[in-house]
Structures are given as structure tokens and as C-alpha cells.
Amino acid sequence: MRPVVFLRIASVLTLIHAALHTIGGVFGGVAAGAQQAAVTAMKTNEFLALGAMRSYWDFYRGMGLAVSIFLTAEGIVFWQLGSMLRSDGARLRPILMTFLAAYLAMAVNSYRYFFSGPVITEILIALCLGLAIAGTRQITTDEVDKRAFA
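Just so you know, these numbers come straight off a predicted model, no measurement behind them. Every chain begins its residue count from 1, and numbering advances along the sequence as written. Local features in this predicted model are restricted to residues of pLDDT 70 or higher, and side-chain atom pairs are both shown and tallied only at a pLDDT of 80 or more, whereas totals for entire chains, interfaces and linings draw on every residue. Side-chain measures were taken over the full set of non-hydrogen atoms in the model, leaving aside hydrogen atoms and water.

Peer 1: What is the right way to read the nonpolar core from this model?
Peer 2: Taken as a class, soluble globular proteins show a tendency for nonpolar side chains to be buried jointly. Take the buried residues of types Ala, Val, Leu, Ile, Met, Phe, Trp, Tyr and Cys, join any two whose side-chain atoms come within 4.5 Å, and each joined set is a nonpolar core. Here's how the labels work: a residue is buried when its accessible area is under 20% of the maximum for its type, exposed when over 50%, partly exposed in between, all with a 1.4 Å probe on protein chains only. Ranked by internal contacts, the top residues of the largest apolar core, which has 20 residues, are Leu7, Phe78, Leu96, Tyr103 and Leu129. Those elements giving two or more residues to this core turn out to be helix H1 (3–26), helix H3 (56–113) and helix H4 (116–135). In this description a helix means any DSSP run of H or I spanning at least four residues, a strand means any run of E spanning at least two, and both kinds are numbered starting from the N terminus. Considering each element in turn, this core owes the most residues, nine residues, to H3. Whether two residues are in contact is decided by their heavy atoms: any pair within 4.5 Å suffices. Setting aside anything within four residues of it in sequence, one finds Phe78 in contact with Leu7, Ala10, Ser11, Thr14, Phe99, Tyr103, Ile125 and Leu129.

Set out below in C-alpha cells:
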């Protein structure tokens, strides 16, 4: 497959990851009992944080939404990079490698602190990014010189 296809797949997987994170992680319900008691404690204990009254629930919900926002932005960026890959694949390699490293780190983090769903999704996204990187051709020094003076 062409590298563009792998970036498109990574884009769709990232958007699905964002949607499921938002639905299940940020706005998902909690079970009665210990889970509900923990959420209630997070919501009811407010404190002053840099001039604003906040609770741990505010921070929890806010960070969850922040992750959803960034996952959505990444999904859109992957789609846009797929369009750029056709003409500037070699120049995009370092950017794609950065995202690849980040998704591998996210998979490790998810394995340690969450559960298998995000781990599998993040590994699949990293795999697509790696395959897109592998499919981009290396440009020669002559081509770099030509582009610099074009």
C-alpha cells in the first residue's frame, strides 16, 4: 500500500480513538458503589487553584476533554499530512517519526494506567505511521539543493 493510505488509516483510527475516549472516558458513567463514591469525593472537595475554585473532578474532566481535543486535532493533521506526503514525503518523515514516538509512549502509558483498548488503538496508529514513514522515499542531496533554490 502507498504511504498516503497508511496516514489516512491512522487519521481515521485517531478520530475513532478521540470519539471513544470522549464518549466512554470523559462522559461515561460510573458504577454504583466505590466508583461512585470516588467520583462524588472528587466533585465535592473544592479548593482554590490559582485564583479559581476547582475540584479534582474539574481537573479530571478538563484533562479528559483536552486529550479528546488533541486526538481530534491529530486525526485531522494526519489526514492533511497524507495530502502533503505525495509531494513532500521525505521532508515529513521527522514529523511522522515524532508522532510515531509519541504514540508508542502513549501505548506504554495506557498499558500502565488504563486498559487494553487504548493500547491496541495506539499501537495500530503507531504501526500505520511507521508504515507511512517506511513508504516515503529518501530524497537525495541533489534534490534538496534543487528544492532550496527553487
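The structure having been displayed, the exposition proceeds.
Peer 1: Mind showing me how you'd approach a nonpolar patch on the surface here?
Peer 2: Side chains of Val12, Ile16, Leu20 and Trp79 sit close together on the surface and give an oily, nonpolar patch of about 390 Å² of accessible area. At three residues, H1 tops the list of elements feeding residues into the nonpolar patch. Within the element layout of this structure, Val12 appears in helix H1. Classification of Val12 by relative accessible area gives partly exposed; the value is 41%. Only residues above 30% relative accessible area that lack a salt bridge enter a patch, with like-charged residues linked at up to 9 Å and the nonpolar side chains Val, Leu, Ile, Met, Phe, Trp and Tyr linked at up to 5 Å. Here the accessible surface of atoms and residues is derived via Shrake-Rupley with a 1.4 Å probe, and residues count as covered only by protein chains that are part of the display. Just to be clear on terms, a salt bridge is a Lys or Arg side-chain nitrogen sitting within 4 Å of an Asp or Glu carboxyl oxygen.

Peer 1: Would you mind going over the environment of Arg54 with me for this structure?
Peer 2: Within the secondary structure, Arg54 sits in strand S2 (residues 52–55). On the basis of relative accessible area, Arg54 is assigned to the partly exposed category, the value being 39%. Through-space distance from the C-alpha of Arg54 to that of Thr44 is 9.6 Å; in sequence the pair is 10 residues apart.

Peer 1: What am I meant to see in the pairing of S2 here?
Peer 2: In regular strands, side chains alternate between the two faces of the sheet. In this analysis, strands are considered paired if DSSP registers two or more bridges between them. Bridging between strand S1 (residues 46–49) and S2 involves four bridges; their strand directions are antiparallel. Bridge pairing in S2 places Phe47 opposite Arg54. Linkage of S1 to S2, two consecutive antiparallel strands, is achieved through a turn of two residues, within which Leu50 is found at a positive phi near 50°.

Peer 1: What is the right way to look at unusual backbone geometry in this model?
Peer 2: With the exception of glycine, most residues fall at negative phi, and the peptide bonds are largely trans. Even without a glycine there, the phi angle at Leu50 is positive, about 50°. With respect to the element layout, Leu50 can be found in the loop between S1 and S2. In this structure Leu50 comes out as exposed when scored by relative accessible area, which is 93%.

Peer 1: So what exactly am I meant to see when it comes to the side chain of Ser55 here?
Peer 2: Along the chain, the position of Ser55 falls in strand S2. Discounting residues that sit within four places of it in the chain, Ser55 has contacts with Met42, Lys43, Asn45, Glu46 and Phe47.

Peer 1: When you look at H4 in this model, what are you seeing that I'm missing?
Peer 2: Residues that lie three or four places apart on an α-helix share one face, since the helix turns once every 3.6 residues. Between its first and last C-alpha atoms H4 spans 28 Å; for 20 residues at 1.5 Å apiece the expected length is 28 Å, and the two agree. Turning to H4, its buried residues number three or more, namely Pro118, Val119, Thr121, Glu122, Ile125, Ala126, Cys128, Leu129, Ala132 and Ile133. In this structure, the buried side of H4 is in contact with H1 and H3. A helix is expected to span 1.5 Å for every residue after the first.

Peer 1: How do you make sense of the side chain of Thr136 when you look at a structure like this?
Peer 2: Mapped onto the fold, Thr136 is located in the loop between H4 and helix H5 (141–148). From its side chain, Thr136 meets the backbone oxygen of Ile133 in a polar contact 2.7 Å long. Each residue touching Thr136, except ones within four places of it in the same chain, is listed here: Pro3, Leu85, Gly89, Ala90 and Arg93. We define a polar contact as two N or O atoms separated by no more than 3.5 Å, with the added condition that, inside protein, one atom must be a possible hydrogen donor and the other a possible acceptor, whereas residues neighbouring each other in sequence contribute only through side-chain atom pairs.

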